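# Breakdown of the fold
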Amino acid sequence: MAFWAGGSPSIVDYFPSEDFYRCGYCKNESGSRSNGMWAHSMTVQDYQDLIDRGWRRSGKYVYKPVMNQTCCPQYTIRCRPLQFQPSKSHKKVLKKMLKFLAKGEVPKGSCEDEPMDSTMDDAVAGDFALINKLDIQCDLKTLSDDVKESLESEGKNSKKGEPHELLQAQDSIGEKLGSGEPSHSVKVHTVPKPGKGADLSKPPCRKAKEIRKERKRLKRMQQNPAGEIEGFQAQGHPPSLFPPKAKSNQPKSLEDLIFESLPENASHKLEVRVVRSSPPSSQFKATLLESYQVYKRYQMVIHKNSPDTPTESQFTRFLCSSPLEAETPPNGPDCGYGSFHQQYWLDGKIIAVGVIDILPNCVSSVYLYYDPDYSFLSLGVYSALREIAFTRQLHEKTSQLSYYYMGFYIHSCPKMKYKGQYRPSDLLCPETYVWVPIEQCLPSLENSKYCRFNQDPEAVDEDRSTEPDRLQVFHKRAIMPYGVYKKQQKDPSEEAAVLQYASLVGQKCSERMLLFRN
């Protein structure tokens, strides 16, 4: 039986793809297709392994596009923050923010970067009918009580002949099964106009001296970190953290540009709070209403929603609920792992919120919403750069946490190609699940929407399901291997669904996660 270090395993319901549905990117009414599962709970390691196989969460719904069938293939993309250098367009956004903070300068005319029309990025393609259906199917509060009673009974009177692999943290199972509410989240960034920003066909160049300088700067941050944990992170750092202005022949680092000193009489003050959203911290609860009002205005102005939508409960379900279990291991980041809201406070009020997951190997960006009155600050780009800097900061305490996941890259959708401008970055091969530099992928994507990026024809998925009978099933009062469970079942269609689930999550996750079966 799998061992759960935190005492609580991932528990999921799997929903194989039944049909095509409307695509949120190209608007094809029947072009999009994905498989999904409802996560009643999920460990951060399981989710890390899942996103490294092309999965993505939307609230508590975790889904994986059927890449060779869907109209707009969605490739998982990650940036390498330790080697990241801001492009000219990125620097322009950071300088614009500094001018606004220092002197109150507002760019004249319309902003060329903001706002970007959201196309349901990192979502279930706007298929709210599916979400509503899952809401009904996953309403297991009554069932969870039965499960809990059964587990308690099983613990007292274990019968011979029944699987003895009972869940250790029995009381938590019922709670997990009844806790799920569907959520829907998207990621909003800005789209530079054609010809603007980094050249996608060329990687950024860096000198060895620049890399050494970067490492020294990150070491100083470790000695006196910015403290983006359940509190404030000021726009300006103490002078001791940052050396005098870089020489003219050396480009400024990302931290130099973000935390450039402001005059004492600066017009505005920007601060950042990183607050845990699940389970909700006291600071998160205290600011929930204000955060919701920002989201409501964002939806009304940017997406033309009516004033009565979304409701506060919808907002909570879509952007606050998360299946990720909070974990605070001693060797992890000070804030721990799990789901957080990164709040941007300007002069004492929230103007933007980035929804992020902090995982063992990465910061994963989920969604961004902002006050439309501040669209001129290009908050989509600005928040992405702040999240990259935040990842670099976390890396100093937790060395394996060294990537920034930006969701899905969709080459066939012009509005989603901007993610490739955060260099260096990699795309995930949809067949072998290895990371390939985006420069090597772009020529293939120009010729075909769906591509296998791994050029080795003999390469296979190293974590493919080879022993499906070892898959863990949670059925009635017991946890058992699928090899035991299937002997009790007679429905051949169920076996096909279970085997598909095993192939999509991989051998490691199939042995750790509990697949709930009625």
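For the structure itself, consult the block above.
Read on for a plain summary of the structure. (Residues numbered from 1 in each chain as written. Predicted model: local features only at pLDDT ≥ 70, side-chain atom pairs only at ≥ 80, totals over all residues. Heavy atoms only, no water.)

### Comments concerning the overall build of the protein chain
A count of helical and extended segments in the protein chain gives 14 helices and 16 strands. Expressed as a percentage of the 518 residues in the protein chain, the buried residues total 57%. Carbon and sulfur atoms make up 50% of the accessible area of the protein chain, which totals about 22,000 Å². (Helix = DSSP H or I, 4+ residues; strand = E, 2+ residues; numbered from the N terminus. Buried < 20%, exposed > 50% of the residue type's maximum accessible area, 1.4 Å probe, protein only. Areas by Shrake-Rupley, 256 points an atom, 1.4 Å probe, with all protein chains shown as cover.)

### Notes on the pattern of salt bridges
Per the stated rule, a full pass over the model turns up 19 salt bridges. One salt bridge in this structure joins Arg53 and Asp463, with 4.0 Å as the shortest N-O distance. Pair noted here: Arg53 is in the loop between helix H1 (44–51) and strand E3 (56–58) and Asp463 is in the loop between helix H12 (438–447) and strand E14 (472–475), with a separation of 410 residues, a long-range link. Judged by relative accessible area, Arg53 falls into the buried class, the value being 4%. Here Lys252 and Glu260 are joined by a salt bridge, their closest N and O atoms 3.0 Å apart. What you see here is one network of salt bridges that share partners, running through Asp46, Asp49 and Arg512. (Salt bridge = Lys/Arg side-chain N within 4 Å of Asp/Glu carboxyl O.)

### Some remarks on the nonpolar core
Ranked by internal contacts, the top residues of the largest apolar core, which has 111 residues, are Met37, Tyr369 and Tyr422. Top contributing element to this core by residue count: helix H11 (residues 379–397), with nine residues. (Core = buried A, V, L, I, M, F, W, Y, C linked by side-chain atoms within 4.5 Å.)

### Structural notes on the packing of helix H2 (residues 88–103) against H11
Between H2 and H11, the shortest axis-to-axis distance is 10 Å and the interhelical angle comes to 100°. Between H2 and H11, the crossing angle belongs to the class labelled roughly perpendicular. Listed contacts from H11 to His90, Val93, Leu94 and Met97 of H2 are Leu379, Val381, Tyr382 and Leu385. Considered class by class, the residues forming the contact of H2 with H11 number seven nonpolar, one polar and no charged. (Axes fitted to C-alpha atoms, helices over the stretch in contact; angles between N-to-C directions. Parallel < 35°, antiparallel > 145°, perpendicular 65-115°, else oblique. Contact = heavy atoms within 4.5 Å. Nonpolar A, V, L, I, M, F, W, Y, C, P; charged D, E, K, R; others polar.)

### A short note on the side chain of His411
Along the chain, the position of His411 falls in the loop between strand E11 (403–409) and strand E12 (425–428). Here the side chain of His411 touches Tyr409 through a polar contact of 2.7 Å, side chain to side chain. Within the local environment of His411, its side chain forms a polar contact with the side chain of Glu446, the two groups lying 2.9 Å apart. Residues contacting His411, with those up to four places away along its chain left out, are Lys417, Leu442, Leu445 and Glu446. (Polar contact = N/O pair within 3.5 Å; in protein donor to acceptor, adjacent residues only side chain to side chain.)

### Here's the deal with the side chain of Ser322
Within the element layout of this structure, Ser322 appears in the loop between helix H10 (312–320) and strand E8 (338–346). A polar side-chain atom of Ser322 sits 3.2 Å from the main-chain amide nitrogen of Leu324. A polar contact of 2.6 Å, which involves the side chain of Ser322, links it to the side chain of Ser339.

### Looking at the state of the cysteines
For the structure shown, the criterion picks out zero disulfides. Not engaged in a disulfide, the cysteine Cys413 finds its nearest cysteine sulfur in Cys72; these two sulfurs lie 6.3 Å apart. Judged by its relative accessible area of 6%, Cys413 is buried. (Disulfide = S-S within 2.5 Å.)

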